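# Structural overview
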Amino acid sequence: MVTATEVIEFVLSMKVEALLVSLAGLMAITTAGIGYKNTHAQRYKLVVIGSNDVDVTGWCCIGLAVIGLVNLLAGASKSTRKYKMSFNKFVCLTVCTLLCNFCVAMTITEYKNRVVGGLEPSMLEQLKASVLGKQRFGVGFELSESWDFMQMKLLCCGVRGYKDYLELGGVGSVREDTLLPLSCCAMKGISPPEPDNVKQCQLDAKYGVTNSIFLHTQGCHSPISRWLIRHINKLSAMVFGTICLQALGILYLSWVGFRKSSSLFN
């Protein structure tokens, strides 16, 4: 079994270029984990892109993890005697993974612009699917649960506002006077969900009260847009950080190559 002391000794014995590439790989894997395992992202993506659309950020995170693993293995093999990678192969592999990381960063940035630009129509479509599918609050339907999670976390209701539910005819559960899901109501507590005043919440929605304290009157489009931009910007920044580490490794490799070529002529 490998001890912590042996790991530290191995890291300290690594060459500069191998250490930089390995750190870039570790950062890429960390970024992928943060992006892919984010609870809010997993919940919100059904509301934002739907279940049948391609989860671009998810696939980018998987690709990033693979690139990071390749970098880690390359850095480790460069520092081991038994499986030591040649200088030229190491340079080519580092440049290739750098280009792949750059492509991932550009894909994430472009996806952010496309999703945010078409967010409102997509959310309205998902809301309609949730309501028309007669999905109810707290009964286990994935899309409905995603809406409930978002509305409780962001203190919002619908896409442009709670009237989106009224335009779709309301959720109409057991009683006819139930127009909104309970997640649109102000909560005493979220876990478990406990609305402050369900009856007043539904009445305020019915009579169009704009400043109700029992009802989330703000739509979810604006807060989810802000969250989405922050989330993707954070991922992009971490990917570009990985690229910077790899670029430093390549610059160092260029310097090493220059020194080797100079020594041959001398």
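Residues numbered from 1 in each chain as written. Predicted model: local features only at pLDDT ≥ 70, side-chain atom pairs only at ≥ 80, totals over all residues. Heavy atoms only, no water.

This brings us to the environment of Asn 233. Along the chain, Asn 233 falls in helix 10 (residues 221-265). A relative accessible area of 35% means that Asn 233 is categorised as partly exposed. For the pair Asn 233 and Thr 109, spaced 124 residues apart in the sequence, the C-alpha separation amounts to 7.8 Å. (Helix = DSSP H or I, 4+ residues; strand = E, 2+ residues; numbered from the N terminus. Buried < 20%, exposed > 50% of the residue type's maximum accessible area, 1.4 Å probe, protein only.)

The next subject is the pattern of salt bridges. This model, assessed by the stated rule, comprises 2 salt bridges. For Arg 160, the salt bridge is made with Asp 164, and the minimal N-O distance between the two is 2.9 Å. Looking at Arg 160, the relative accessible area reads 47%, which means it is partly exposed. Under the relative-accessibility criterion, Asp 164 is labelled buried at 4%. Arg 160 is the partner of Glu 167 in a salt bridge, and the nearest nitrogen-oxygen pair spans 3.3 Å. Since its relative accessible area comes to 60%, Glu 167 is described here as exposed. Here the salt bridges do not stand alone but share partners, grouping Arg 160, Asp 164 and Glu 167 into one network. (Salt bridge = Lys/Arg side-chain N within 4 Å of Asp/Glu carboxyl O.)

Turning next to empty space enclosed by the protein. Tallying each qualifying case throughout the model produces 1 cavity of 30 Å³ or more. Roughly 190 Å³ of internal volume is contained in the largest cavity. Taken together, 17 residues form the lining of the largest cavity, with Ala 41, Lys 45, Asp 55, Thr 57 and Leu 228 sitting closest to its centre. It is helix 3 (residues 39-48) that provides the largest number of residues to the lining of the largest cavity, a total of 5 residues. By residue class, the composition of the lining of the largest cavity is 10 nonpolar, 5 polar and 2 charged. (1 Å grid on protein atoms, 1.4 Å probe; cavity = no way out; pocket = protein on both sides within 12 Å on 5 of 7 lines; lining within 4 Å. Points joined across faces, edges and corners; volume = space filled by probe spheres on them. Nonpolar A, V, L, I, M, F, W, Y, C, P; charged D, E, K, R; others polar.)

Time to look at the confidence of the model for the protein. For the protein, mean pLDDT is 76; residues scoring 70 or higher make up 76% of the total. For the protein, helix 1 (residues 4-13) is the element with the lowest average pLDDT, namely 46, and helix 8 (residues 163-167) is the one with the highest, namely 86. Below a pLDDT of 50 lies the segment residues 6-14, which in the model reaches 10 contacts outside its immediate sequence neighbourhood of four places, other chains included. (pLDDT = per-residue confidence, 0-100. Contact = heavy atoms within 4.5 Å.)

Okay, the packing of helix 6 (residues 119-132) against helix 7 (residues 142-154) next. The N-to-C vectors of helix 6 and helix 7 enclose an angle of 120°; their axes lie 9 Å apart at closest approach. Between helix 6 and helix 7, the crossing angle belongs to the class labelled oblique. Relative to helix 7, helix 6 is oriented so that their crossing is left-handed. Contact with helix 6, carried on its side by Met 123, Gln 126, Leu 127, Ala 129 and Ser 130, involves Leu 143, Ser 144, Trp 147 and Met 150 of helix 7 and no other residues of that element. Residues that form the contact of helix 6 with helix 7 fall into these classes: 6 nonpolar, 3 polar and no charged. (Axes fitted to C-alpha atoms, helices over the stretch in contact; angles between N-to-C directions. Parallel < 35°, antiparallel > 145°, perpendicular 65-115°, else oblique. Left-handed = near helix turned anticlockwise from the far one by under 90°.)

Time to look at the state of the cysteines. All chains considered together, the criterion is met by 3 disulfides. Here Cys 157 is linked by a disulfide to Cys 184, with a sulfur-sulfur distance of 2.0 Å. Taking the sign of the torsion about the S-S bond as the criterion, the disulfide between Cys 157 and Cys 184, at about 85°, is right-handed. Here Cys 157, found in the loop between helix 7 and helix 8, pairs with Cys 184, found in the loop between helix 8 and strand 1 (187-189); they are 27 residues apart in sequence, far enough to count as distant. Accessibility assignment for this pair places Cys 157 and Cys 184 in one class, buried. Numbered by position along the chain, the disulfide-linked cysteines of the protein connect as 1-6, 2-3, 4-5. (Disulfide = S-S within 2.5 Å.)

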